[in-house]
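Structural description and commentary
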Amino acid sequence: MNTILALLLILLPTSSALAAPMSYVDRVKDAWDRLDANNLQVVDEFYDENLEFHDPVGSLKGRAKMKAYYQGLYKDLKSIKFEYLEFVTAEKSVAMTWRMTYATEKLNGGAPIVVDGMSLMKFGGPEDKVIYHRDYFDIGTMVYEHIPVLGWGVRKVRERLGSHE
C-alpha cells in the first residue's frame, strides 16, 4: 500500500502545476519586465507570429520584424524601467498607462528621460499571444527634445502652443 501511495505522490501534479494560468495583465507585466537586449526570446513567447504593431515612429507586421525593432531599440540603452500606472481589461484586450524611464548615451547626455504613454494589446491566435499592439506616447518628449538643435525648436513650438508640461 505504501508503494502505491508513494507512486501516486510522484505522479500527481504539484500545486504549482495546478495553478491558474496567468492573467493577461500579468502576462503583459511579465513580458515587459523581462524584455531587454539579452532576452529577446520574450518576443517569441509573448507575440503572435502575425502580430500587427503601431507606434508614433511607424508600423510593422510580424513577430520577426518586432524582434528586430526591439533589438534596434534596446542596443544602445543603458537602462530602461516601466512603472505600470493603470490597467483596463476587456475580454482579450489590455489597455495600460505607463511611465518609462530610460537612459542612453545618445540623448540627454546619458541622463534618464521620463516618458508617459499608453499601450493597447489584443490577444488571440492559436496560442493566445498578442496579435495587436499599439503604443501612444509623445515622440517629442521621448526623443526630439533631447537632440541639441531640434530639441530647442520643439521646446519653442510647445511654448508657442501653450504646452503645460
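Before going into details, it helps to say that this report is about the structure given with it.

Procedures and definitions
Residues numbered from 1 in each chain as written. Predicted model: local features only at pLDDT ≥ 70, side-chain atom pairs only at ≥ 80, totals over all residues. Heavy atoms only, no water. Helix = DSSP H or I, 4+ residues; strand = E, 2+ residues; numbered from the N terminus. Buried < 20%, exposed > 50% of the residue type's maximum accessible area, 1.4 Å probe, protein only. Contact = heavy atoms within 4.5 Å. Areas by Shrake-Rupley, 256 points an atom, 1.4 Å probe, with all protein chains shown as cover. Pairing = 2+ DSSP bridges. Axes fitted to C-alpha atoms, helices over the stretch in contact; angles between N-to-C directions. Core = buried A, V, L, I, M, F, W, Y, C linked by side-chain atoms within 4.5 Å.

What follows deals with the overall build of the protein. A tally of regular secondary structure across the protein gives six helices and six strands. Listed by position from the N terminus, the elements making up the protein come as α-α-α-β-β-α-β-β-β-β-α-α. For the protein, with 165 residues in total, the buried portion stands at 36%. Taking contacts inside the protein between residues at least 6 apart in sequence as the whole, the part at least 24 apart equals 48%. Summing over all exposed atoms, the protein offers an accessible surface of approximately 10600 Å²; the carbon and sulfur share of this is 58%.

All right, on to the sheet that holds strand 2 (residues 58-61) then. Pairing in this open sheet of six strands is mixed, and the strands run 2-1-6-5-4-3 from one edge to the other. Since the sheet does not close on itself, it has two edges, and those belong to strand 2 and strand 3 (77-90), each with one partner. Neighbour to neighbour, the strand axes of the sheet diverge by 20° on average, direction disregarded. As paired strands, strand 4 (residues 93-104) and strand 5 (residues 113-124) are joined by 10 bridges and run antiparallel to one another. Paired with M100 across the strands is V115, a residue of strand 5. Contacts from helix 2 (residues 24-34) reach strand 1 (47-55), strand 3, strand 4, strand 5 and strand 6 (129-137), with the element oriented near 175° to strand 3.

Let us now look at the nonpolar core. Residues V28, W32, F46, Y47, M66 and Y70 are the most contacted members of the largest nonpolar core, which totals 33 residues. Among residues more than four places away in sequence, those in contact with M66 are V43, Y47, L51, F53, L60 and H133.

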